[in-house]
Each structure stands twice: as C-alpha cells, then as structure tokens.
Amino acid sequence: MAVVKELIRPEEDGSISFGDYELSQKTKKSDVEVHGDSYKVKTFREVTRLECNDMLVYESEPGTAVSHFQEDETGVTFRVEGPEDAQIILGLADNASYRVCIDGEDQGIMETGMGGKLVLSVELQAAGSVLVEVKKD
C-alpha cells in the first residue's frame, strides 16, 4: 500500500482510499461524491481527517494513508499505514459497543459515548500496513 496521491479515490469494490502522510503542508479535497455521499479529506504529515456529509468519519494523528475503507451499519473495516504509531478516532453510532480487531488480534470491546467517537491506537511499521476491523457488538 502507498499514500493516495489523489488524496481520496473510490475503489472498484465500493470502498474508498484516502490520505497522504508524506505531505509537508495541509492539503484538502472537498465535494468528492461516492455512492451519493459527499466526502471531504484533509491530510498531511500531522493529521488525516475524513468527513462524510460534514460528519467525522476518520481522523488520525499523525497523518496516515487508509485503503479500502468500508463502513456500514455493523461497523468499519480498513487498512492503515503510516511512518509511526497513530491514534485514530472513528465517528460511529452514539452509545454503542464495538469489538475491535487489529491485524486479527482481538483488542476487546470499546464503547462510544454521546458523540459516537471511538478512539484506538495502532502500531505501524514504516514498510507495512495493518488491518483494522471495528464491528458492533
């Protein structure tokens, strides 16, 4: 996997890929239509943020590259890569429980509050990516 030079792109499988952690300055792309939804991405080495219809979907510090991001009513699945470990915030359902798996390792159940935000950390290797699966429990 590599950074997404287009900043955001739809994939043939219906997922999206986004983010470029190699950029030294904040770069944005707005009004990207995918399956009837409007996406906006902001990315550079310090942060990557994805919004759908003006709602937070994904944010990482530092910046990351995300591939094959798929979201439905049961949760999200994606691959993420970056130059160093990252903290990720996902915008999910309010007051819900989710089982989190990172590269097949069960991280347990995490809960969202009133704002629907779930915070997790991933250990990233400069040469690879990790699979993140977050499913409603």
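Refer to the structure printed above.
Residues numbered from 1 in each chain as written. Predicted model: local features only at pLDDT ≥ 70, side-chain atom pairs only at ≥ 80, totals over all residues. Heavy atoms only, no water.

This part covers the overall build of the chain. Along its length, the chain carries 0 helices and 13 strands. From first element to last, N terminus to C terminus, the chain shows the α and β order β-β-β-β-β-β-β-β-β-β-β-β-β. Scaling as 2.2 N^0.38, a compact globule of 137 residues should have a C-alpha radius of gyration of about 14 Å, and the chain matches this with 14 Å. Taking the principal axes of its C-alpha atoms as reference, the chain extends roughly 35 × 35 × 25 Å. Every one of the 137 residues in the chain was classed for burial, and the buried ones make up 46%. Considering only contacts within the chain whose residues lie at least 6 apart along the sequence, 45% involve residues at least 24 apart. For the chain, the accessible area works out to roughly 7,300 Å², and carbon and sulfur atoms hold 42% of it. Computing the positive centroid from 14 side-chain charges and the negative centroid from 28, the chain places the two 6 Å apart. (Helix = DSSP H or I, 4+ residues; strand = E, 2+ residues; numbered from the N terminus. Rg over C-alpha atoms; globule rule 2.2 N^0.38 Å. Buried < 20%, exposed > 50% of the residue type's maximum accessible area, 1.4 Å probe, protein only. Contact = heavy atoms within 4.5 Å. Areas by Shrake-Rupley, 256 points an atom, 1.4 Å probe, with all protein chains shown as cover. Lys, Arg positive; Asp, Glu negative; His and termini not counted. Charge placed at Lys NZ, Arg CZ, Asp CG, Glu CD.)

Okay, the environment of Val80 next. The residue Val80 is located in strand E8 (residues 75-81) in this model. Taking C-alpha positions, Val80 is 16 Å from Pro10, a pair spaced 70 residues apart along the chain.

Core analysis: the largest hydrophobic core is formed by 32 residues, its most contacted members being Tyr58 and Leu90. Ignoring anything within four residues of it in the chain, the contact list for Tyr58 reads Phe18, Thr48, Arg49, Leu50, Thr64, Val66, Phe69, Phe78, Val80, Ile88, Ile89 and Leu90. (Core = buried A, V, L, I, M, F, W, Y, C linked by side-chain atoms within 4.5 Å.)

Moving on to the sheet that holds strand E6 (residues 55-61). Taking strand neighbours across the sheet as the criterion, the 6 strands line up as E3-E4-E5-E6-E9-E12 in an open arrangement whose pairing is antiparallel. Taken across any chain shown, the strands that pair with only one partner, and hence form the sheet edges, are strand E3 (27-34) and strand E12 (117-122). Ignoring which end each strand starts from, the neighbouring axes of this sheet average 15° apart. With 6 bridges joining them, E3 and strand E4 (residues 37-43) adopt antiparallel strand pairing. Across the sheet, residue Val34 finds its bridge partner in E4, namely Asp37. (Pairing = 2+ DSSP bridges. Axes fitted to C-alpha atoms, helices over the stretch in contact; angles between N-to-C directions.)

Its location among the elements puts Ser17 in strand E2 (residues 16-18). Polar side-chain contacts of Ser17 include one of 2.6 Å to the side chain of Glu11. Sequence-distant contacts of Ser17, that is, excluding residues within four places in its chain, are made with Val4, Leu7, Ile8, Arg9, Glu11, Val66, Ser67 and His68. (Polar contact = N/O pair within 3.5 Å; in protein donor to acceptor, adjacent residues only side chain to side chain.)

Let's shift gears to the layout of surface pockets. Roughly 160 Å³ of volume is contained in the largest pocket. Top element by residues in the lining of the largest pocket is E6. It accounts for 3 residues. Its residues assigned to classes, the lining of the largest pocket shows 5 nonpolar, 3 polar and 2 charged. (1 Å grid on protein atoms, 1.4 Å probe; cavity = no way out; pocket = protein on both sides within 12 Å on 5 of 7 lines; lining within 4 Å. Points joined across faces, edges and corners; volume = space filled by probe spheres on them. Nonpolar A, V, L, I, M, F, W, Y, C, P; charged D, E, K, R; others polar.)

So, on to the sheet that holds E2. Here we have 7 strands laid out as an open sheet, ordered E1-E2-E7-E8-E13-E10-E11, and antiparallel in their pairing. Only two strands of the sheet have a single partner each, and these edge strands are strand E1 (8-10) and strand E11 (105-111). The average undirected angle you get between the axes of adjacent strands in this sheet is 20°. Bridge count for strand E7 (residues 65-72) against E8 is 6 bridges, and the pairing is antiparallel. Within the sheet, the bridge partner assigned to Ala65 lies in E8 and is Glu81.

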